[in-house]
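So you can see what is in the structure, the chains are spelled out below.
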Amino acid sequence: MTVITMDNIATVLRGKSPKQLARLARVHPRTAARWQAGESAPGADDLVRLMAVDADIFSEIARLAGRADAGQIAQAANHLRHALKELGG
């Protein structure tokens, strides 16, 4: 298992444009750009929201956490997506 750091998270989030990332996380684009630059990190709510709506982000964060089994990741991502939708997100 890799230690999850602000730099690890920033690297994962750099796969999106700041504008796209901001839209997914429901934050200001400047906030998303700071996350990508490693100047700050998303809070737990923001990170869970990103993981719930983007399978690539989910997969990479899960890999960093030592949970890289692709089948479980895909299934969990779908469950998160559905749960967030039911919660009105």
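Look above for the structure.
Calculation notes
Residues numbered from 1 in each chain as written. Predicted model: local features only at pLDDT ≥ 70, side-chain atom pairs only at ≥ 80, totals over all residues. Heavy atoms only, no water. Helix = DSSP H or I, 4+ residues; strand = E, 2+ residues; numbered from the N terminus. Buried < 20%, exposed > 50% of the residue type's maximum accessible area, 1.4 Å probe, protein only. Core = buried A, V, L, I, M, F, W, Y, C linked by side-chain atoms within 4.5 Å. Contact = heavy atoms within 4.5 Å. Salt bridge = Lys/Arg side-chain N within 4 Å of Asp/Glu carboxyl O. Arc of directions from axis to C-beta. Polar contact = N/O pair within 3.5 Å; in protein donor to acceptor, adjacent residues only side chain to side chain.

**Notes on the environment of Leu64**
Now for step 1: Topologically, Leu64 is positioned in helix α5 (residues 55-64).
Now for step 2: By relative accessible area, which is 5% here, Leu64 ends up buried.

**Brief notes about the nonpolar core**
Now for step 1: The biggest cluster of nonpolar side chains holds 18 residues, and the ones touching the most others in it are Leu13, Leu21, Leu50, Ile57 and Ile61.
Now for step 2: The set of elements that each furnish at least two residues to this core consists of α1 (6-13), α2 (18-25), α3 (29-37), α4 (44-53), α5 and α6 (70-86).
Now for step 3: The greatest single-element share of this core, amounting to five residues, is contributed by α5.
Now for step 4: In contact with Leu21, not counting residues within four places along its chain, are Leu13, Lys16, Ala32, Trp35, Gln36, Leu50 and Ile57.

**Observations regarding the pattern of salt bridges**
Now for step 1: Applying the stated criterion across every chain, the model contains four salt bridges.
Now for step 2: Residues Glu60 and Arg63 are paired through a salt bridge, measuring 2.9 Å at the closest nitrogen-oxygen approach. Linking Glu60 with Arg63, this pair stays in helix α5, spanning three residues, or about one helical turn.

**What about the side chain of Asp46?**
Now for step 1: Among the structural elements, Asp46 can be located in helix α4.
Now for step 2: Assessed through its relative accessible area of 19%, Asp46 is described here as buried.

**Some thoughts on α1**
Now for step 1: Listed as buried for α1 are Ile9, Ala10, Val12 and Leu13. Along the axis of α1, the buried residues cluster in a sector spanning 160°; they form a single face.
Now for step 2: Contact partners of the buried residues in α1: α2, α3, α4 and α5.

**Notes on the side chain of Arg49**
Now for step 1: Within the secondary structure, Arg49 is located in helix α4.
Now for step 2: Of note is the side chain of Arg49, whose polar atom sits 2.9 Å from the backbone oxygen of Ala25.
Now for step 3: Within the local environment of Arg49, its side chain forms a polar contact with the side chain of Asp46, the two groups lying 3.2 Å apart.

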